[in-house]
Structures are given as C-alpha cells and as structure tokens.
Amino acid sequence: NNLKMLSLGVLGLTALAGCVAGGSSGQGWSLCGKQTKMRIVDLDISPDPISQGQQIRSWRVVVQADTDGECATTLQVQERPGNVTVGTKRVYYFRPGSNEVTVQPDTRYRFSQARHCFVVIADIEETPRAIDATGNFCAQREGNNWTMRGR
C-alpha cells in the first residue's frame with residue numbers, strides 16, 4: 001500500500017514537472033501579432049501603499065488577450081510622460097483570456113511627485129506600443145505614501 005502511494009506521488013510530481021517545463025519553455029508559442037488584441041485590465045504595485053524613498057518590490061499586470069491561440073511578447077512598464085522604464089522588459093507568454101504577470105521593477109526608480117501615471121508597453125511584430133487600458137493607472141500621493149488603490 002505504501003509502495004502504491006509512493007508510486008502515485010512520484011507519477012504526480014513527474015507529470016507536474018513536465019507541465020511546468022513545457023509551459024515555461026515557450027515551445028509551440030507564436031509571437032503576438034497585429035491580430036492579437038490585448039488590453040490592460042489592472043496594474044498594481046507591491047507594496048501598496050509605498051512610502052517615500054521605498055523601492056517597488058513588483059508590478060502586477062493583468063492582461064486580457066483576445067487571440068486564437070497562445071502567443072509571446074515582451075512587456076515593460078513605463079511612466080508617462082517621459083517614457084521612463086520603471087518595470088523591466090522581459091518575454092511573457094499569454095493564453096486567450098485573462099493573464100496575470102509579475103514585472104520586475106527598475107531598482108533605481110522611486111516615487112517623488114504628487115502623481116505618477118503608467119502604461120504597459122508590448123512589442124507587437126517588433127514594434128513597441130502602449131497596450132490599450134481599461135482606465136488610467138496612476139499612483140496618488142497620500143501624505144508620505146503613494147497608492148494605486150481607488151484610482
């Protein structure tokens with residue numbers, strides 16, 4: 001009975017490892033093209049609120065991808081105006097529907113103004129462009145902190 005449970009456990013871990021390796025390798029993925037409709041549903045920072053001088057731990061981006069299949073593209077977060085990259089550029093893999101990704105911040109970036117607004121940039125057919133968004137994604141100052149809640 002113990003051998004049977006051990007065998008099932010090993011089989012389950014093997015199957016899980018295969019899924020993780022296949023899902024992160026990008027095999028079978030095409031590049032997101034002009035026919036891919038993407039929309040930013042949500043953009044958040046962690047921690048939120050963030051205090052003056054504190055480093056952003058991560059950006060959380062929720063992307064709605066309306067596509068026939070799976071595709072890959074690079075994403076980065078930029079502050080506007082000024083096109084300052086605040087979330088580092090990296091390849092992400094998207095499935096049709098809602099996709100949540102974590103973007104690593106530029107470690108040098110700090111909040112300093114009363115209001116900071118952001119866009120998400122994707123490379124579609126090797127052309128960087130802002131992805132349409134459901135609203136404005138801005139951080140508002142509250143005392144010595146900034147928050148993106150309630151925007």
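Owing to the predicted nature of the structure, the values given are computational and were not obtained by experimental measurement.

Caption draft 1: Representation of the environment of Pro 81. Assignment of secondary structure puts Pro 81 in the loop between strand 5 (71-80) and strand 6 (84-94). A relative accessible area of 76% places Pro 81 in the exposed class. Between the alpha carbons of Pro 81 and Val 119 there is a distance of 9.8 Å; along the sequence they are 38 residues apart.

Caption draft 2: The arrangement of the sheet that holds strand 10 (residues 132-133) in detail. Reading across from one edge, 7-4-2-10 is the order of the four strands in this open sheet, with mixed pairing throughout. The sheet is open, and its two edges are formed by strand 7 (97-103) and strand 10, each paired on a single side. Alignment of strand 2 (residues 37-46) against strand 4 (residues 58-66), held across nine bridges, turns out to be antiparallel. Among the inter-strand pairings, Asp 42 is bridged to a residue of strand 4, identified as Val 62.

Caption draft 3: Here's a closer look at the confidence of the model for the protein chain. Scored by pLDDT, the protein chain comes out at a mean of 84, with 80% of its residues at no less than 70. Looking over the protein chain, one finds the lowest element-wise mean pLDDT in helix 1 (residues 2-25), namely 42, and the highest in strand 7, namely 97. In this model, residues 6-25 is a region of pLDDT below 50 whose contacts with residues beyond four sequence positions or in other chains number three contacts.

Caption draft 4: View of the side chain of Asp 123. With respect to the helices, strands and loops of the structure, Asp 123 is situated in strand 8 (residues 115-124). Take Asp 123: its relative accessible area is 17%, and that puts it in the buried class. A polar contact of 2.7 Å, which involves the side chain of Asp 123, links it to the side chain of Thr 74. Beyond its immediate stretch of four places on either side in the chain, Asp 123 contacts Thr 73, Thr 74, Lys 89 and Pro 128.

Caption draft 5: Layout of the packing of aromatic side chains. With the rule as written, the count across this model stands at five aromatic pairs. Between Trp 59 and Phe 118, the aromatic rings sit 4.8 Å apart at their centres with planes inclined by 65°, giving edge-to-face as the arrangement. Here Trp 59 is found in strand 4, whereas its partner Phe 118 is found in strand 8, with 59 residues between them in sequence. Pairwise contacts between aromatic rings join Trp 59, Tyr 109, Phe 111, Phe 118 and Trp 146 into one cluster.

Criteria and thresholds
Sequence positions are assigned chain by chain, starting from 1 and proceeding in written order. The model is predicted, so local features are restricted to residues of pLDDT at least 70 and side-chain atom pairs to those at 80 or more, both for listing and for counting; the totals for chains, interfaces and linings are taken over all residues. Hydrogens and water are ignored here; the side-chain numbers use all heavy atoms of the structure. In this description a helix means any DSSP run of H or I spanning at least four residues, a strand means any run of E spanning at least two, and both kinds are numbered starting from the N terminus. The cut-offs for exposure are 20% and 50% of the maximum accessible area for each residue type, with area from a 1.4 Å probe on protein chains only; residues under the lower value are buried, those over the upper are exposed, and the others partly exposed. Paired strands, as defined in this entry, are two strands with at least two bridges between them according to DSSP. Values of pLDDT, ranging from 0 to 100, describe the predictor's confidence in every residue of the model. Whether two residues are in contact is decided by their heavy atoms: any pair within 4.5 Å suffices. Polar contacts, as used here, are pairs of N or O atoms within 3.5 Å; protein pairs need one atom able to donate a hydrogen and one able to accept it. Residues neighboring in sequence count only if both atoms are side-chain atoms. Working definition: rings of Phe, Tyr and Trp (its six-membered ring) pair if their centres are within 6.5 Å, and the pair is stacked with planes under 30 degrees apart, edge-to-face with planes over 60 apart, and tilted otherwise.

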